[in-house]
Amino acid sequence: MQTKNKFKETLERYIGYRGIDIVLHLKDGKVIELDKNRLMDGEFVVGHLEAGQVRIAIQEIQKADFFAA
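Residues numbered from 1 in each chain as written. Predicted model: local features only at pLDDT ≥ 70, side-chain atom pairs only at ≥ 80, totals over all residues. Heavy atoms only, no water.

J.: Where do I start with the pattern of salt bridges in this structure?
T.: Where charged atoms of side chains with opposite charge meet at close range, the side chains can pair. Inspection of the entire model under this criterion finds 4 salt bridges. For Lys 36, the salt bridge is made with Asp 21, and the minimal N-O distance between the two is 2.3 Å. Remark: Asp 21 occurs in strand β1 (residues 20-26) and Lys 36 occurs in the loop between β2 (31-34) and β3 (39-41); sequence separation between them is 15 residues. The residue Arg 55 makes a salt bridge to Asp 41 at a minimum N-O spacing of 2.8 Å. Placement of the pair is Arg 55 in strand β5 (residues 52-57) and Asp 41 in strand β3, with a sequence separation of 14 residues. (Salt bridge = Lys/Arg side-chain N within 4 Å of Asp/Glu carboxyl O. Helix = DSSP H or I, 4+ residues; strand = E, 2+ residues; numbered from the N terminus.)

As structure tokens, this is what we get:
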């Protein structure tokens, strides 16, 4: 449980930094690159893709990569 909370806290902190690119790897094998207009909404990450807005449950995220832009 502590690892889940630490992951959420880290993800929430980096989502606030606009100079960081974030790539999410989901448990179902999908890879999603978030744009700069992203935010946390409770237990969800909200991002905007070409196909529209996406809401990704934190429990569906296997890992996240952070890159300095």
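J.: Can you walk me through the nonpolar core in this structure?
T.: General note: in soluble globular proteins, nonpolar side chains tend to be found buried as a group. With 14 residues, the main nonpolar core has Leu 11, Leu 24, Val 45 and Ile 61 as its most contacted residues. Secondary structure elements with two or more residues in this core: α1 (2-15), β1, β2 and β6 (61-68). Here this core gets 4 residues from one element, more than from any other, and that element is β1. Excluding its chain neighbours within four sequence positions, the residues that come into contact with Val 45 are Leu 11, Ile 15, Leu 24, Leu 34, Leu 39, Met 40, Val 54, Arg 55, Ile 56 and Ile 61. (Core = buried A, V, L, I, M, F, W, Y, C linked by side-chain atoms within 4.5 Å. Buried < 20%, exposed > 50% of the residue type's maximum accessible area, 1.4 Å probe, protein only. Contact = heavy atoms within 4.5 Å.)

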